[in-house]
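Remarks on the overall topology
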Amino acid sequence: MINIHDRLLIIDFGSQVTQLIARRLRELNVYCEIHPYQNVTDAFLAEFAPKAVILSGGPASVIDEGSPRPPSTVFDLNVPILGICYGQQVMMEVLGGKVESGHGTAEFGRAFVTPAAEKLILLDGWFKDEKEQVWMSHGDHVSKIAPGFEVYGTSPNAPFAITADTSRNFFAVQFHPEVHHTPNGAKLYENFVKMAGFKGDWTMGAYREEAIAKIREQVGDAKVICGLSGGVDSSVAAVLIHEAIGDQLTCVFVNNGLLRQGEAEEVITMFRDNYNMPFIYADERELFLGELDGQSDPETKRKIIGKLFIDVFQKHAAEVGGAKFLAQGTLYPDVIESVSFSGGPSATIKSHHNVGGLPEKMGLKLVEPLRELFKDEVRELGRELGLPTGFIGRHPFPGPGLAIRCPGEITRPKLEILREADAIYIDQIRKHGLYDEIWQAFVAILPVKTVGVMGDGRTYDFACALRAVTSVDGMTADYYPFSHEFLGETATRIINEVPGINRVTYDITSKPPGTIEWE
């Protein structure tokens, strides 16, 4: 993007919590990006020009042949560097220290670090109680620090838990300060960026201005169509782009037959009543459901849906006078989850219809003004743009819609059952005043039938699972702790009011290890 801000580079070695580093930095109004280590070349570094660098954790062992390494030129940038867990170990290995495995020095979970030398600027505000709780997750350990480094903190199994070469502003910690199990970890990041000279001026107001300038520069006088789902992401993208280019934008709302109960009518009414922008309603239910008939593999379903969306957008692009651009509400978590840190498909969590699901020859260039934002930042931008508060607070709804809440084969009867159950569940949440406490809630209809008894008769109907999670950005999540009374009342309503369901379960899986959606 047109970026007038200092930038911090996070080099990712595959840690499951790397995105939390970015969240901590964004909270400090510092612009940062995560890039897989193998993409960080000398040319990339020259173009990105980071003001500071963070080396993430990762599952590999620096002892193994071919283990991930940052380019050696990173250490010649003359900028502050912070290594975390694997990042510490690879820093020591590259700069002349030594890493060993085993010997009873592994640490997993909570640990306590105590100071080992004079005050370090990175640790300003730490050790007020003589020790700090941290979260460790390492099997290997640093056995010899690199020349120029000193020890500033130790733990029982990590004698070099905190090290630094203050002459070069190189810092390295064995623990993970980004997770909430390191209670004072945010302070460490605050100290790091302050020491690096970041002004903390990356705000949504600034982002809005820069994004508008970038959209105008990218699009020129061409026409743009926006794939509008009615959710927060695509709606914020549409309003932002319309502010940039006016009636060069046409919004296309596709009814793919996978929407929730009453959703098509709600979206149409909201946009036609509140926003003065060109709007097309595309009823493509038969097309999508026909192509999905008989398909049960989740990745196949996502790919089919992604391709059909593009086909529909291309059709309407021609109708509006040859639009050359397609606008989408792609977010940073979509990008992170769709790209393996190692560059290969093996570690990809799932394809997103607006990232991994796009055909290679689309015929339209992408405009993705939210691609660098987390979900809560999109909501903040929505408030900056003046979208209604109630609308900004809507729960996320995935682009593939109910297709990924219907594991197994999709059928029209199953979708109708799912819509009715989901509507009751959300109604219950609203009636109990819980909607705004929950990040996302939905029903998934399971690909199994169970035996039940209703009245004096036997039933053999579908089971469903309720899902509700709390989260900040969708990258990690915990299940919402409903009362048993709420769950019992909701289950009773669904079973009594929805023909086709005779069993209700509640999903208490966190993310990770699960994902928020079922597919």
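Higher on the page you've got the structure.
Being a predicted model, the structure only gives us computed values, none of them experimental. (Residues numbered from 1 in each chain as written. Predicted model: local features only at pLDDT ≥ 70, side-chain atom pairs only at ≥ 80, totals over all residues. Heavy atoms only, no water.)

**Re the overall build of the chain**
A tally of helices and strands in the chain yields 14 helices and 20 strands. For a compact globule of 519 residues, the expected C-alpha radius of gyration is about 24 Å, and the chain comes in at 25 Å, within 12% of that figure. Its C-alpha atoms give the chain principal-axis dimensions of about 70 × 65 × 40 Å. In the chain, which comprises 519 residues, the proportion classed as buried is 58%. For the chain, contacts bridging at least 24 residues in sequence account for 75% of all contacts bridging at least 6. As displayed, the chain offers around 21,400 Å² of accessible surface, 50% of which is attributable to carbon and sulfur atoms. Side-chain charges of the chain comprise 49 positive and 69 negative groups, with the mean position of each set lying 2 Å from the other. (Helix = DSSP H or I, 4+ residues; strand = E, 2+ residues; numbered from the N terminus. Rg over C-alpha atoms; globule rule 2.2 N^0.38 Å. Buried < 20%, exposed > 50% of the residue type's maximum accessible area, 1.4 Å probe, protein only. Contact = heavy atoms within 4.5 Å. Areas by Shrake-Rupley, 256 points an atom, 1.4 Å probe, with all protein chains shown as cover. Lys, Arg positive; Asp, Glu negative; His and termini not counted. Charge placed at Lys NZ, Arg CZ, Asp CG, Glu CD.)

**Notes on the pairing of strand β17 (residues 440-454)**
Across 12 bridges, the pairing between β17 and strand β18 (residues 457-470) is antiparallel. Pairing of M454 across the sheet is with G457, part of β18. Counted along the chain from β17 to the antiparallel partner β18, the turn is two residues long, and its residue G455 has a positive phi close to 65°. (Pairing = 2+ DSSP bridges.)

**Description of the pairing of strand β11 (residues 170-173)**
Every second residue of β11 is oriented toward a common face, with F170 and A172 on one face and F171 and V173 on the other, all of them buried. Where strand β10 (residues 158-165) folds back onto β11 in an antiparallel hairpin, the turn is made up of four residues, including N169, whose phi is positive at roughly 55°.

**Structural notes on the environment of I426**
Checked against the element boundaries, I426 lands in helix α13 (residues 412-431). For the pair I426 and F442, spaced 16 residues apart in the sequence, the C-alpha separation amounts to 7.4 Å.

**Considering the sheet that holds strand β15 (residues 325-327)**
Overall, parallel pairing links the five strands, which are arranged β14-β13-β12-β15-β16 in an open sheet. The strands lining the two open edges of the sheet, one partner per strand, are β14 (279-283) and β16 (365-367). Shown here is a sheet whose adjacent strand axes are inclined to one another by a mean of 30°, direction ignored. Bridge count between β15 and β16: three bridges; the pairing is parallel. Bridge pairing links L326 to L366 in β16. Sitting on the sheet, helix α5 (residues 204-219) touches β12 (224-228), β15 and β16, and the angle it makes with β16 is about 165°. (Axes fitted to C-alpha atoms, helices over the stretch in contact; angles between N-to-C directions.)

**Section: the side chain of E33**
Along the chain, the position of E33 falls in strand β2 (residues 31-36). Buried within the structure, E33 lacks any salt-bridge partner; R7 is the closest side chain of opposite charge, at an N-O distance of 4.1 Å. Excluding residues within four positions of it along the chain, E33 makes contact with R7, L8, L9, I10, F48, Y332 and E372. (Salt bridge = Lys/Arg side-chain N within 4 Å of Asp/Glu carboxyl O.)

**Some remarks on the nonpolar core**
Within the largest apolar cluster, 97 residues are counted, with the highest numbers of intra-cluster contacts made by I225, F313, L370, L381, Y425, I429 and F482. Sorting elements by how many residues they give to this core places helix α6 (residues 232-245) first, with nine residues. Formed by 41 residues, the second largest nonpolar core is a distinct cluster that contains I84, L120, V134 and F198. (Core = buried A, V, L, I, M, F, W, Y, C linked by side-chain atoms within 4.5 Å.)

**Some words on the pattern of salt bridges**
Any two side chains of opposite charge can pair if their charged atoms end up close together. Taken as a whole and judged by the stated rule, the model has 26 salt bridges. Between E100 and K98 there is a salt bridge whose closest N-O contact spans 3.9 Å. We classify E100 as partly exposed; its relative accessible area is 25%. Judged by relative accessible area, which is 43%, K98 ranks as partly exposed.

**Description of the packing of α6 against helix α11 (residues 375-385)**
Put simply, α6 and α11 touch, their axes get as near as 10 Å, and they point 45° apart. Accordingly, the angle class assigned to the pair α6 and α11 is oblique. Of the two elements, α6 crosses α11, and the hand of that crossing is left-handed. Two secondary-structure elements touch here, α6 through V232, D233, V236, V239, L240 and E243 and α11 through K375, V378, R379, L381, G382 and L385. Split by residue class, the contact of α6 with α11 holds seven nonpolar, one polar and four charged. (Parallel < 35°, antiparallel > 145°, perpendicular 65-115°, else oblique. Left-handed = near helix turned anticlockwise from the far one by under 90°. Nonpolar A, V, L, I, M, F, W, Y, C, P; charged D, E, K, R; others polar.)

**Comments concerning the packing of helix α8 (residues 285-292) against helix α9 (residues 298-319)**
It is the contact of α8 with α9, at a shortest axis distance of 10 Å, that shows an interaxial angle of 150°. In terms of their interaxial angle, α8 and α9 are classed as roughly antiparallel. Of the two possible hands of crossing, α8 and α9 adopt the one that is right-handed. The residues of α9 that touch α8, namely those facing L287, F288, E291 and L292, are K301, I304, I305, L308, F309 and V312.

**Some remarks on the packing of aromatic side chains**
Evaluated as defined, the whole model comprises 19 aromatic pairs. With a centroid separation of 5.7 Å and 25° between ring planes, the pair formed by F13 and Y37 is classed as stacked. Linking F13 in the loop between β1 (7-12) and α1 (18-27) with Y37 in the loop between β2 and α2 (42-48), this pair joins segments that are 24 residues apart in sequence. On the basis of relative accessibility, which here comes to 1%, the residue F13 falls in the buried class. Between the aromatic rings of W202 and Y207, the centroid separation amounts to 5.6 Å while the plane-to-plane angle is 85°, which identifies the pairing as edge-to-face. One aromatic cluster is present, built from ring pairs that chain together Y425, Y479, Y480, F482, F486 and Y506. In this structure, K131 packs its charged tip against the face of F112, placed 4.6 Å from the ring centre. The ring centre of F397 lies 3.9 Å from the NZ or CZ of R260, which sits over that ring. (Phe/Tyr/Trp six-rings, centres within 6.5 Å; stacked < 30°, edge-to-face > 60°. Lys NZ or Arg CZ within 6 Å of the ring centre and 35° of its normal.)

**Regarding α8**
All of the buried residues along α8 are F288, L289 and L292. The buried residues of α8 all sit within an arc of 90° when viewed along its axis, so they share a single face. Where the residues of α8 are buried, they touch β13 (249-255), α9 and α13. Immediately downstream of α8, the backbone of G294 shows phi near 85°, a positive value. (Arc of directions from axis to C-beta.)

**Notes on the environment of E380**
With respect to the helices and strands, E380 occurs in helix α11. Note: C-alpha distance between E380 and R412 (32 residues apart in sequence) is 37 Å.

As far as function goes, none of this settles anything; it's purely spatial.
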